[in-house]
Amino acid sequence: MTNENASGGRMEFRTAGVIGAGAWGTALAQVCVRAGLDTTLQAREPQLVETLRTTRANDLYLPGVPLAEGLKFTADLADLGDCDLILAVPPAQHMRATLTAFAPHHRPGVPVVLCSKGVERGTMKLMTEVLAETLPDAPAAVLSGPSFAGEVARGLPTAVTLACADQALGQALLSTLSAPGFRPYLATDLIGAEAGGALKNVLAIACGVSEGRQLGRSAHAALITRGFAEMTRLAVAMGGQAETVAGLCGLGDLVLTCSSPQSRNMSLGLALGQGQTVEQALAGKRSVAEGYESAPAVRALAARLGVETPIAEGIAALLAGEITVDGLIDGLLSRPLKAERV
Ligand SMILES: NC(=O)c1ccc[n+]([C@@H]2O[C@H](COP(=O)([O-])OP(=O)(O)OC[C@H]3O[C@@H](n4cnc5c(N)ncnc54)[C@H](O)[C@@H]3O)[C@@H](O)[C@H]2O)c1
Ligand SMILES: O=P(O)(O)OC[C@H](O)CO
């Protein structure tokens with residue numbers, strides 16, 4: 001793909017490197033191939049690379065999906081050093097270490113599209129902040145929205161937000177990453193896009209708890225709506241825009257993740273609502289539930305910014321073993337009555 005930037009310079013993206021061969025990295029690599037990019041998918045597990053090459057399937061993280069012809073695989077981050085474009089897709093808590101390992105191979109100016117959803121524990125930083133600290137010469141974009149990896153990998157349609165502060169680069173990435181069935185919409189607000197993706201995972205755990213306790217469709221809808229108010233408040237306090245979280249990366253993804261047990265986050269909540277402990281619900285899981293990982297950071301961030309996030313706060317307390325499911329439900333239902341506003 002060739003695009004012109006504001007100063008008339010041409011931006012060409014012919015090759016893409018996808019870091020992280022979990023379910024989403026694999027699905028996005030499929031999208032890149034469909035978009036016409038010469039694509040290499042990097043897996044950190046050498047034995048997985050072998051399987052990917054021989055079976056052309058990712059049986060570890062995305063079983064049952066035949067992988068696109070032409071997609072290449074590697075375990076070595078150095079092999080992505082020549083790529084025109086990088087998509088970073090490790091779990092959020094591993095983003096810093098992953099980008100640090102990639103840094104010696106990154107060419108200044110090569111954009112990095114951040115596709116992970118979470119807040120770094122300890123630092124409370126967003127993935128764009130982690131990128132700025134690890135690859136300061138990388139223009140950043142955020143790709144986020146309602147997108148179950150299995151569906152996207154199979155070519156089922158969806159639309160997502162692609163946020164990039166540089167309009168010309170954003171426009172170029174938009175046309176580069178659009179593919180049949182994969183429709184990105186452009187935004188400039190990276191913070192809003194990241195906040196939406198990180199918060200929806202924690203809120204989906206709450207919807208799962210509600211489902212597991214059979215609290216009904218009304219409770220489900222109320223949770224999504226009040227959860228969206230929390231997401232908006234927090235995003236705005238972080239410097240994002242309410243308009244962004246009303247889009248695919250916020251409301252869109254919240255609705256998806258809260259509505260299907262395909263979601264790892266919602267199914268974690270379901271298990272808790274049905275009486276399992278956190279340890280039981282997570283036992284043996286190879287895949288990441290980002291809401292579990294990010295909940296303490298979201299809680300700390302909201303406290304630091306003085307933002308009320310009772311649902312996210314309650315989920316963080318439940319996951320930390322500070323309250324029970326009954327305590328969570330009672331706590332939310334007995335809050336002082338007040339005017340309805342975001
Ligand atoms: N699965 C989806 O449908 C989906 C959709 C959109 C966004 N995402 C986001 O994509 C990100 C990755 O999720 P996923 O579903 O691809 O993962 P996954 O659960 O399918 O796989 C786990 C991944 O974690 C990696 N990993 C484990 N330990 C690691 C370490 N120490 N360092 C680096 N990587 C390590 C594994 O190699 C594997 O790639 C998450 O932030 C998730 O929220 C997922
Ligand atoms: O399975 P989850 O809960 O990680 O959700 C996957 C995607 O983020 C949905 O957009």
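Residues numbered from 1 in each chain as written. Chains lettered and ligands numbered in written order. Predicted model: local features only at pLDDT ≥ 70, side-chain atom pairs only at ≥ 80, totals over all residues. Heavy atoms only, no water.

Where an unreviewed UniProt entry is consulted, the protein chain appears under the name Glycerol-3-phosphate dehydrogenase [NAD(P)+], with the organism given as Brevundimonas aurantiaca. UniProt, in the comment section headed Subcellular location (unreviewed entry), describes the protein chain in these words: "Cytoplasm". (UniProt positions renumbered as here; feature names shortened; annotations may be inferred.)

Caption draft 1: Spatial organisation of the pairing of strand S6 (residues 85-88). Here S6 shows a buried face lined by Leu85 and Leu87 and a second buried face lined by Ile86 and Ala88. Pairing of strand S3 (residues 15-19) with S6 involves four bridges; the strand directions are parallel. In the sheet register, Ala16 faces S6, and the bridge partner there is Leu85. Between the parallel pair S6 and strand S7 (residues 112-114), the chain is carried across by helix H3 (residues 95-102), and the sense of this crossover is right-handed. (Buried < 20%, exposed > 50% of the residue type's maximum accessible area, 1.4 Å probe, protein only. Helix = DSSP H or I, 4+ residues; strand = E, 2+ residues; numbered from the N terminus. Pairing = 2+ DSSP bridges. Right-handed = clockwise from strand over helix to strand, strands pointing away.)

Caption draft 2: Focus on the site of ligand 1. The immediate surroundings of ligand 1 are formed by 23 residues, with Ala23, Trp24, Glu45, Val288 and Glu290 found nearest. Contact between ligand 1 and Glu45: an oxygen atom at 2.7 Å from a side-chain N or O atom of the residue. With respect to ligand 1, the side chain of Glu290 contributes an N or O atom lying 2.5 Å from an oxygen atom. About the coverage of ligand 1: the protein hides 87% of its 830 Å² of free accessible area. (Near = heavy atom within 4 Å. Polar contact = N/O pair within 3.5 Å; in protein donor to acceptor, adjacent residues only side chain to side chain. Areas by Shrake-Rupley, 256 points an atom, 1.4 Å probe, with all protein chains shown as cover.)

Caption draft 3: Region of the structure containing the UniProt feature "binding site: substrate" (unreviewed entry) in the protein chain. Under the feature "binding site: substrate" (unreviewed entry), the UniProt entry names Lys117, Arg264 and Asn265. A stretch of 149 residues holds the annotated residues, and the largest C-alpha distance among them is 12.8 Å, short enough that they meet in one place. Checked against the lining of the largest cavity, the annotated residues reduce to Lys117. Tracing the sequence through the fold places Lys117 in the loop between S7 and helix H4 (127-134). Residue classification places Lys117 among the buried residues on the basis of a relative accessible area of 13%. In contact with Lys117, other than residues within four places in its own chain, are Ala92, Ser144, Gly145, Ser147, Gly197, Ala198, Lys200, Asn201, Asp253 and Glu290. A distance of 3.2 Å separates a polar atom in the side chain of Lys117 from the backbone oxygen of Gly145. By the secondary structure assignment, Asn265 is in helix H11 (residues 264-273). For Asn265, a relative accessible area of 5% corresponds to the buried category. (1 Å grid on protein atoms, 1.4 Å probe; cavity = no way out; pocket = protein on both sides within 12 Å on 5 of 7 lines; lining within 4 Å. Contact = heavy atoms within 4.5 Å.)

Caption draft 4: Representation of the layout of surface pockets. Approximately 640 Å³ is the volume found for the second largest pocket. Put simply, the parts of the chain that give the lining of the second largest pocket at least two residues each are helix H7 (190-212), helix H8 (217-238), helix H14 (310-319) and helix H15 (325-333). Tallying contributions element by element places H8 first for the lining of the second largest pocket, with six residues. Counted by class, the lining of the second largest pocket contains 15 nonpolar, one polar and six charged residues. (Points joined across faces, edges and corners; volume = space filled by probe spheres on them. Nonpolar A, V, L, I, M, F, W, Y, C, P; charged D, E, K, R; others polar.)

Caption draft 5: Fine view of the site of ligand 2. Lys200, Asp253, Ser263, Arg264 and Asn265 are the nearest of the 13 residues found near ligand 2. Here an oxygen atom of ligand 2 sits 3.2 Å away from a polar atom, N or O, in the main chain of Gly145. Here ligand 2, which alone exposes 310 Å², has 92% of that area covered by the protein. Taken together, the elements giving at least two residues each to the shell around ligand 2 come down to helix H10 (248-259) and H11. When residues in the shell around ligand 2 are grouped by element, the largest group, three residues, is from H10. Residues that form the shell around ligand 2 fall into these classes: three nonpolar, six polar and four charged. For the shell around ligand 2, the domains that each give at least three residues are domain 1 (2-188) and domain 2 (194-333). (Domains from an automatic or database assignment.)

Caption draft 6: Summary view of the domain arrangement of the protein chain. Taken domain by domain, the protein chain holds domain 1 (2-188) and domain 2 (194-333). Between the C-alpha centres of domain 1 and domain 2 the distance comes to 25 Å. Between domain 1 and domain 2, the buried area comes to about 2,300 Å², and carbon and sulfur atoms account for 64% of it. Scanning the region where domain 1 abuts domain 2 turns up two salt bridges. Between Glu293 and Arg121 there is a salt bridge, and its shortest N-O distance comes to 3.5 Å. Counting across the domain 1 and domain 2 interface gives eight residue pairs in polar contact (both at pLDDT 80 or more). Among the secondary structure elements, those contributing two or more residues to the side of domain 1 that touches domain 2 are H4, strand S8 (140-144) and strand S9 (158-164). Counting residues per element, the side of domain 1 that touches domain 2 draws most heavily on S9, which supplies three residues. Considered class by class, the residues forming the side of domain 1 that touches domain 2 number 14 nonpolar, seven polar and four charged. (Buried area = accessible area lost by both parts, 1.4 Å probe. Salt bridge = Lys/Arg side-chain N within 4 Å of Asp/Glu carboxyl O.)

Caption draft 7: The arrangement of the nonpolar core in detail. Counting residues in each nonpolar core, the largest one holds 47 residues, and the members touching the most others are Trp24, Leu87, Val113, Leu143, Leu177 and Phe182. Those elements that place two or more of their residues in this core are S3, helix H1 (23-34), helix H2 (46-55), S6, S8, helix H5 (149-153), S9 and helix H6 (167-177). The biggest single contributor to this core is H1, with eight residues. For Trp24, the residues in contact, after removing those within four places along its chain, are Val89, Cys115, Leu143, Ser147, Ala149, Val152 and Phe182. (Core = buried A, V, L, I, M, F, W, Y, C linked by side-chain atoms within 4.5 Å.)

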